[in-house]
Amino acid sequence: MQIGREWARLLPPGPSDRSESAERAIREALAAAASGGLAAHVKARGPELSRHLPRLVERARTDALDDRRDVGELGEVLAAFGYLSTEAQAAGHFLVGYAQRSLGEGARHFELARLAYRDLGRPVPERLSALAAEASRLEPKSDRSARGLTEAFGALAAADRDCSDRVAPGVRQFLLVLQVTRDLMAGGAPPAGMPAVTGDDLHTLRSAMVAALDRPERVALLARWIQSLRGLPADSTEELDSMVHLLGEVHEPEPRIHLLRDLIAHGDRRPGTTSRLAKSLTDVGRWGEAKAVLVARVGDRPGPEHLELVQLLAMLCITTQDPDASAWTAELRALGGDLPESAMPPPSQIAGSAGPVPQVRFEDGTLTIDPSLAGQGQNAIAAQLRAAMVRGLPREEGARLLADIARKEPELYPQVMALLRPDARPRSTAEEHLARAEGLFARRSYREAVSAYQQALAADPNLEYAHLGLGDAYYMLGDFHAAAAHFTESIAIRPTPQAYRFLGDALLKGRDDRRRAKECYEQALALDPEYGGARAALAHLERRSR
């Protein structure tokens, strides 16, 4: 943050229009930037807004001096007027880089700011921007040398010794934190003590811990060390909950599993911790372990406090066609719960096993019904009929019918899926591309996954899971704007808690748009109040905003 304050001191303060019309014009421009409509807004309102550039620059100076980091939209607005003012362009790119909280994401914008300041003939902000760019390039996982940072610092000292002296403690602290994180990731022990750490230092440490995915067994140790740096009591779960959330964001289940098991081993009895562990285990196909975790927590006599866990147990058993499915479903209903459609995984994630003998057959256009079906309930009969149609139709038609059932009759969909053996569940061309994309995503081949998801959407533009997966792949590649666009497309097809949660993550990561991210998390919880991922994301956001 010291670099931001030094940059702000270099901006020339001056009179600016603080009229209501100026403030309104700025608010509207910031809203357009937050919603992705800045280009159209500038085209329509550019001449009016250009009159307020001095006020925008003054706003940037004030925010940076106040250590504000949510300045991404302000930077985008200033950069959009680079054709009118190189000063505005330089300030805009610096602010966008400054707003990036993840290491490595701001270097390009700081470099653009440096070039603009060079064109203006302003060596001190030019070299300060170069220093910020070099710092942004030093990611904990990278082997990149700090030589570039050292040289940039020397160049700043040559231009303005007082400025470099004020920045020096922060640079030294950054290098110390960076070295500690690298040592920890390499297997070293947490140091006995460190100088007081700033919020930015803690963010660097967390980024490093999340990056240390090749040693998942160390995650709990490292998270607890960060917690001690924050001065939190040993029995606090605040930092560990935050790390669980971050590991969920990057879709790395193994370290998340280690951390959740550590929480439980230290006495964490919250249902949400157990459910997150079970869901993380199912993400890697460890269905039996997930069931064992839930059964151990629920015990022989589940009570109302176990409703969320019993619901998850019932859904897990249905998904895997476990013989205990009916018993846990009965326990769930005895507790006053039900089976929400949102808890069902997509067809590509359902574990396979031999299905029951069908009581209805559809062959050559003829339905054959087992007489024993007449004694079953209306839903059971409807599910048997639809499953028979799916089996008996040509592949593409059967796949379309199955998709229609998922959208239009979600209460029947789990029963229909349970009646279809894995090899009898038809997949359209789009779904075959989708399955291939999911496999590539699971192997972290994100660029190849993007191509496969795009092929799925070329075959079926309304395949919501393809939009969701494509957004996820773009998210992992750091293209948060494209990710948000596809999460939005998924919501347009069918609003789901997961799509709203992912959209919130993309808005927060790409633009630090806390207001819209909060709305997305709240919408996810409105659709599914038991959605732990959205609840954790909202809690994390609220802690950041304090």
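Here the structure is shown first, and the text comes after it.
All figures in this text were calculated on a predicted structure; none of them were measured in a lab. (Residues numbered from 1 in each chain as written. Predicted model: local features only at pLDDT ≥ 70, side-chain atom pairs only at ≥ 80, totals over all residues. Heavy atoms only, no water.)

Caption draft 1: Highlighting the overall build of the protein chain. For the protein chain, the helix and strand inventory stands at 28 helices and 2 strands. Counting across all 546 residues of the protein chain, residues that qualify as buried make up 50%. Looking at the protein chain as shown, the accessible area adds up to about 24,600 Å², and 51% of this sits on carbon and sulfur atoms. (Helix = DSSP H or I, 4+ residues; strand = E, 2+ residues; numbered from the N terminus. Buried < 20%, exposed > 50% of the residue type's maximum accessible area, 1.4 Å probe, protein only. Areas by Shrake-Rupley, 256 points an atom, 1.4 Å probe, with all protein chains shown as cover.)

Caption draft 2: Quick look at the nonpolar core. Formed by 48 residues in total, the largest nonpolar core has its most connected members in Trp7, Val77, Leu78 and Leu131. It is helix α6 (residues 86-99) that contributes the most residues to this core, 7 residues altogether. In this structure valine 77 touches Ala29, Leu30, Ala33, Leu38, Leu49 and Leu56, once residues within four positions along its chain are discounted. Ranked by size, the runner-up nonpolar core spans 42 residues in total, among them Ala437, Leu457, Phe480 and Ile491. (Core = buried A, V, L, I, M, F, W, Y, C linked by side-chain atoms within 4.5 Å. Contact = heavy atoms within 4.5 Å.)

Caption draft 3: Summary view of the pattern of salt bridges. In total, this model carries 24 salt bridges according to the counting rule given. A salt bridge links arginine 270 to aspartate 241, with the shortest nitrogen-to-oxygen separation between them at 2.9 Å. Of this pair, arginine 270 sits in the loop between α14 (253-265) and α15 (271-283) while aspartate 241 sits in helix α13 (residues 238-249), and the two are 29 residues apart along the sequence. Residue classification places arginine 270 among the partly exposed positions, given a relative accessible area of 32%. Arginine 494 is the partner of glutamate 464 in a salt bridge, and the nearest nitrogen-oxygen pair spans 2.7 Å. (Salt bridge = Lys/Arg side-chain N within 4 Å of Asp/Glu carboxyl O.)

Caption draft 4: Region of the structure containing the packing of aromatic side chains. A complete count under the given rule lists 5 aromatic pairs for this structure. Judged by centre distance (5.1 Å) and plane angle (70°), the ring pair of phenylalanine 94 and phenylalanine 110 falls under edge-to-face. Here phenylalanine 94 is found in helix α6, whereas its partner phenylalanine 110 is found in helix α7 (residues 107-120), with 16 residues between them in sequence. The pair formed by phenylalanine 94 and phenylalanine 110 is uniform in burial state, with each residue classed as buried. Taking 5.2 Å as the distance between ring centres and 70° as the angle between the ring planes, the aromatic pair formed by tyrosine 475 and phenylalanine 480 counts as edge-to-face. Here tyrosine 475 falls in the buried class, since its relative accessible area comes to 8%. Put simply, the rings of Trp7, Phe94, Tyr98 and Phe110 touch in pairs and so form one group of aromatic residues. (Phe/Tyr/Trp six-rings, centres within 6.5 Å; stacked < 30°, edge-to-face > 60°.)

Caption draft 5: Seen up close, the packing of helix α17 (residues 307-319) against helix α18 (residues 325-334). Packing of α17 against α18 leaves a shortest axis separation of 8 Å and a crossing angle of 155°. Relative to α18, α17 is oriented roughly antiparallel. Handedness of the α17/α18 crossing: left-handed. For the pair formed by α17 and α18, the contact residues are Leu307, Val310, Gln311, Leu313, Ala314, Cys317 and Ile318 on the first element and Ala325, Trp328, Thr329, Glu331 and Leu332 on the second. Within the contact of α17 with α18, the residues separate by chemical class into 9 nonpolar, 2 polar and 1 charged. (Axes fitted to C-alpha atoms, helices over the stretch in contact; angles between N-to-C directions. Parallel < 35°, antiparallel > 145°, perpendicular 65-115°, else oblique. Left-handed = near helix turned anticlockwise from the far one by under 90°. Nonpolar A, V, L, I, M, F, W, Y, C, P; charged D, E, K, R; others polar.)

Caption draft 6: α7, seen in detail. Between its first and last C-alpha, α7 extends 20 Å over 14 residues, near the 20 Å set by a 1.5 Å rise per residue. Among the residues making up α7, those that are buried are Ala107, His109, Phe110, Ala113, Arg114, Ala116 and Tyr117. Elements in contact with the buried residues of α7: α1 (2-10), α6 and α8 (123-137). Among the residues trailing α7, glycine 121 stands out with phi positive, at a value near 70°. (Expected span 1.5 Å × (residues − 1).)

Caption draft 7: Fine view of empty space enclosed by the protein. The tally for this structure, following the rule as stated, stands at 2 cavities of 30 Å³ or more. Estimated volume of the second largest cavity: approximately 30 Å³. If you go around the second largest cavity, the residues you meet are Ala25, Glu28, His41, Arg45, Glu48 and Leu49. Those elements that place two or more of their residues in the lining of the second largest cavity are α2 (20-34) and α3 (38-50). Ranked by residues supplied to the lining of the second largest cavity, first place goes to α3 with 4 residues. The residue inventory of the lining of the second largest cavity, partitioned by class, reads 2 nonpolar, 1 polar and 3 charged. (1 Å grid on protein atoms, 1.4 Å probe; cavity = no way out; pocket = protein on both sides within 12 Å on 5 of 7 lines; lining within 4 Å. Points joined across faces, edges and corners; volume = space filled by probe spheres on them.)

Caption draft 8: Focus on the environment of alanine 223. Here alanine 223 is to be found in helix α12 (residues 219-229). What makes alanine 223 buried here is its relative accessible area of 0%. Expressed as a C-alpha distance, the spacing of alanine 223 and serine 242, which sit 19 residues apart in the sequence, is 9.2 Å. In this view, alanine 223 contacts Glu239, Leu240, Met243 and Leu259; residues no more than four positions away in its chain are not counted.

Caption draft 9: Representation of the side chain of histidine 245 in the model. Summarising the element assignment, histidine 245 is placed in helix α13. On the accessibility criterion, histidine 245 (3% relative accessible area) is buried.

Caption draft 10: Broad picture of α12. Here α12 has its buried residues at Val219, Ala220, Leu222, Ala223, Trp225, Ile226 and Gln227. Just downstream of α12 lies glycine 231, where phi reads positive at about 80°.

Caption draft 11: Representation of the environment of threonine 320 within the structure. Its place among the elements puts threonine 320 in the loop between α17 and α18. Distance in space between the C-alpha atoms of threonine 320 and alanine 418 is 8.7 Å, their sequence separation being 98 residues.

Caption draft 12: The environment of glycine 4, seen in detail. Here glycine 4 shows up in helix α1. According to the relative accessible area criterion, glycine 4 is buried, its value standing at 0%. As for glycine 4 and alanine 99, which are separated by 95 residues in sequence, their C-alpha atoms are 10.0 Å apart.

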